[in-house]
Amino acid sequence: MNETIEQEPDDISTLINQPYKYGFVSDIEADVFPPGLDEGVVRALSAKKEEPEWMLEYRLKAYKHWLTLEEPEWANVDYEKPDFNDISYYSAPKMKPKIDSLDEVDPAILEVYAKLGIPLDEQKMLQNVAVDAVFDSVSVATTFRKKLHEAGVIFCSFSEAVKDYPEYIKKYLGTVVPHTDNFYAALNAAVFSDGTFVLIPEGVQCPMDLSTYFRINTPKSGQFERTLIVAEKGAKVSYLEGCTAPQFDENQLHAAVVELIAFEDADIKYSTVQNWYAGDENGKGGIFNFVTKRGICEGARSKISWTQVETGSAITWKYPSCILKGDDSIGEFYSVALTNHRQQADTGTKMVHIGKNTKSTIISKGISAGKSQNSYRGLVKMAKSATNARNYSECDSMLIGDKCGAHTFPYIEVGNTTAQVEHEATTSRIGEDQIFYFLSRGIDEEDAISMIINGFCKDVFRELPMEFAVEAQKLLGIKLEGSVG
Amino acid sequence: MNFLEEACAQEPAAHIANFIGEARETLQSVAQPTRKDEDWRLIKLAPLFSKTFSATPKAMDFTESIKIPEAEKCLLSIRNGKVVLSASNLSELSEGVFVGSLEEAPSYVFEALEKRKTSPFDTEYFDLLNRASLSDIACVYIEKDCVQEAPIHVSYSSVGEDLSSSTRLVIIAQNGSKATVVETWEGKGAYFNLPVTECVVDENATLKHIRLQHDDLESTHIARLASQVEKGSTYDSLSLSFGASLSRNDVAVSHFGSGSFSRIDGLAVVGGKQVADTHSTIDNRSPHCESHQLHKCVADDASHTIFNGRILVQQDAQRIDAYQLNRNLLLSDKAKVNTKPQLEILADDVKCSHGATVGQLDNEQLFYLESRGLGHEQARALLTYAFAAEVVSSIEIPSLKKHIETHIKNCIDQAGK
């Protein structure tokens, strides 16, 4: 047994040499703003997107607030802060002014998505998933619109929503994540370029899974998208999000905001498979992923469930949260965060219990390999009004190799006697006895590791929609292939 | 400028002048902690900082109520921050044991003191403040291979209004020695206690350390405990927080040597508007160390308990076994509990786990007792007592155990009314 353990370093280097599959750069002519940020850029961005006056005002308000803020430093990550004047705040593939059908999308872009394995072409599509593809700063295509329209579901890019459904945007934008929330949320509110808007009307179960695919293509550009999902009374939706980026030596910034609103009896399930470029083995390049995601269970018996598989990005700084305001509402958070090379992830969730009988579950699995640092940071807050609220949290970490780190920072704040909070965390590595068990049954080491890791993450994968679960398992497989002796 | 200005301006006695060193100067450049600091975000320190405390006590009557008959001939009394030998009784110390003020300490105690390693609090505001305003240093020194059978009782007592006392206790257990040290705090008035305790547990030594903080409910108690745990040694500590309107206890245990074991248990039982805050760090710097931590809080009325427990495993510290459990019981709707158990692990071959629970008494357990004829209040009291008493059960000094259990019982009875 000892021999195999000693082999570890070699195998880890095999792992480190796994190439990033999505690192290609596509040569697509783009309309790019010169780098830099000032009020003029915000105005120009708004003008470019032909936005109404109120939208510009919102952006300017956020920009002015952003100027007063300082970049946060409390996260357990170490990086060179981005120079906000060296980033281009708008990059769009050149295309015809308005797209009516997929046929009008630049074939080069369609090719990119085909390479990524994202079927945009409705004709050939077997999966029952509607996709909104965001390329750099703008949404390039949205599929299955007609079918969704018949069901009454609004699923479109954010820019279109600002034009077509201003009443909804005015009503809901910034209600869950206000522009004053934090440094990156303020920046996003000022310069967000596009994103997705979803509205599921009362009593409608969305007939198919909705999906957005994000791709950053232009170097030195930042992606600031905004997603807003509103589920009215009794509505139900499952939403998937995927991300990739090409390989560049310089760090790119991704600062998104996601807002979810669930009214009475509504159910929103939000799944993410994040595979931004993570930088090379020396930590050069990669995406800074500074994301604010938050959902509010506004009505009674509503439910918001976050599932995330985080495998990419040089730095991840992300805390999908639930505000459980409605009585009997439910919040869930399932996460697998894998870090390798010199990746750093500081991720977790916040569950704020306000309503009576609210329940939340947190399952977080962190896997660190190489020289990476993986932190779980979470808050469970029971307000005075949260009578009979319950929370269960479980954070497990697995360490592969002796140069990585796993950290847990759970914050628990309780102000109600009837509330019950449980938190458990463990840190371990793959046991020699576990591997021995597999070997003695004729299963080789690599398969054994992959089975153990898949078992370790099973609680989370089970929550993912089918297509994503397969993708996530494959992703972990690729990332960890041959990693442990 | 700070709220202990008078103490910081006093001409230090000769034996502590060395200790003060550059602390007064350094303190000028260290900012007072505010709620913007992560470690202090839940505590209101502004009222404390806005007060001014005097460092010159008036003559007062002291009647210590915490008595430990088992240790009555190994008693060191510290009154208003100064060692008072006339109130102490050190007649039955084993040979090779020194207990007393640093002023009387033999030269080998000084030497051992100089050799102790730097503590993580060295540059921290309150530790600097303690040194800058130092009133006395007490020492407990146990010679190599010496076994001190009877527990050593260090009794702190403060009487007076707006009076501050900054004491330091240094406990040194040399190679292979064995001892039990009990620190107790009590007093009367709205005073401010700023004690720092430093422990050195050298190779293969065993030190049991109990700290009972039972200060006046008007007082403020900000304490630091830094323990250096060496190869093969055992450090077994228990901190009890019952008194003070605001108490803050920072504990840092560093495992410098391999194969060492430490227990860092704690219990806070508070009511009224009390705030009891414990921050602990267990730093595993060497392989094969084991640590065990059980911290419990019982919060009644409008009280607030805070627990922040960090377990650190450094990169080369393989085969660490660290366990931490924090359980909190909320007895009233106005009470509040904050807990943050932290793991920071940089080695892969470790077994670390932590758990935290916050809740009320289990209804099924209550029902079980009620179905056996106990009244509702009785059943509640019994379960609450059992919750708190678990931490105390390991105390091996019968009179102290009894004293603490009685106090817990009284607290619960009062809560019932």
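Up top is the structure these notes are about.
Residues numbered from 1 in each chain as written. Chains lettered and ligands numbered in written order. Predicted model: local features only at pLDDT ≥ 70, side-chain atom pairs only at ≥ 80, totals over all residues. Heavy atoms only, no water.

### Details of the pairing of strand S13 (residues 286–297) of chain A
Residues and elements named next belong to chain A.
Right, so step 1: In terms of burial, S13 is a largely internal element, twelve of the twelve residues being buried.
Right, so step 2: Summarising the sheet, S13 and strand S15 (residues 315–318) pair through four bridges and their orientation is parallel. For Phe288, the partnering residue across the bridge sits in S15 and is Ile315.
Right, so step 3: Here S13 pairs with strand S16 (residues 321–324) via four bridges, running parallel. By the bridge assignment, Gly295 is partnered in S16 with Cys322. (Buried < 20%, exposed > 50% of the residue type's maximum accessible area, 1.4 Å probe, protein only. Helix = DSSP H or I, 4+ residues; strand = E, 2+ residues; numbered from the N terminus. Pairing = 2+ DSSP bridges.)

### Regarding the packing of aromatic side chains
Aromatic ring pairs are described here by two measures, namely the spacing of the ring centres and the angle between the planes.
Right, so step 1: Considering all chains together, one arrives at 23 aromatic pairs over all chains under this definition.
Right, so step 2: Between the aromatic rings of Trp40(B) and Phe126(B), the centroid separation amounts to 5.2 Å while the plane-to-plane angle is 45 degrees, which identifies the pairing as tilted. Of this pair, Trp40(B) sits in the loop between helix H3 (23–29) and helix H4 (46–50) while Phe126(B) sits in helix H6 (residues 125–132), and the two are 86 residues apart along the sequence. Neither Trp40(B) nor Phe126(B) differs from the other in exposure class; each is buried.
Right, so step 3: Members of the aromatic cluster, connected to one another through ring pairs, are Tyr63(A), Trp66(A), Phe183(A), Tyr184(A), Phe288(A), Phe290(A), Trp317(A) and Tyr319(A).
Right, so step 4: Positioned above the aromatic ring of Tyr437(A), the side-chain terminus of Arg441(A) is 3.9 Å from the ring centre. (Phe/Tyr/Trp six-rings, centres within 6.5 Å; stacked < 30°, edge-to-face > 60°. Lys NZ or Arg CZ within 6 Å of the ring centre and 35° of its normal.)

### Concerning the pattern of salt bridges
All names here are of chain B.
Right, so step 1: Applying the stated criterion across every chain, the model contains 41 salt bridges over all chains.
Right, so step 2: Note that Asp277 and Arg248 form a salt bridge whose closest N and O atoms lie 3.0 Å from each other. Here the residue Asp277 occupies a position in strand S16 (residues 275–284), and Arg248 occupies one in strand S14 (residues 246–255), the gap between them amounting to 29 residues.
Right, so step 3: The exposure class assigned to Arg248 is buried, which follows from its relative accessible area of 2%. (Salt bridge = Lys/Arg side-chain N within 4 Å of Asp/Glu carboxyl O.)

### Considering a positive patch on the surface
Right, so step 1: On the surface, Lys384(A), Arg35(B), Lys44(B), Lys273(B), Lys334(B) and Lys336(B) cluster together into a positively charged patch.
Right, so step 2: When you line up the elements, Lys334(B) lands in the loop between strand S19 (321–330) and strand S20 (336–345). (Patch = residues over 30% accessible without salt bridge, like charges linked within 9 Å, V, L, I, M, F, W, Y side chains within 5 Å. Areas by Shrake-Rupley, 256 points an atom, 1.4 Å probe, with all protein chains shown as cover. Lys, Arg positive; Asp, Glu negative; His and termini not counted. Charge placed at Lys NZ, Arg CZ, Asp CG, Glu CD.)

### Describing the pairing of strand S17 (residues 330–339) of chain A
Walk down a regular strand and you will see the side chains alternate between the two sheet faces.
All names here are of chain A.
Right, so step 1: In terms of residue burial, S17 counts as a mostly covered element, since nine of its ten residues are buried.
Right, so step 2: With eight bridges connecting them, strand S14 (residues 303–310) and S17 associate as parallel partners. Within S17, the position partnered with Gln308 by the bridge is Ser335.
Right, so step 3: As paired elements, S17 and strand S20 (residues 359–369) share ten bridges and run parallel to each other. Note on S20: the bridge partner recorded for Val336 is Lys365.

So, to be careful, I would describe these as geometric facts and stop short of saying anything about function.
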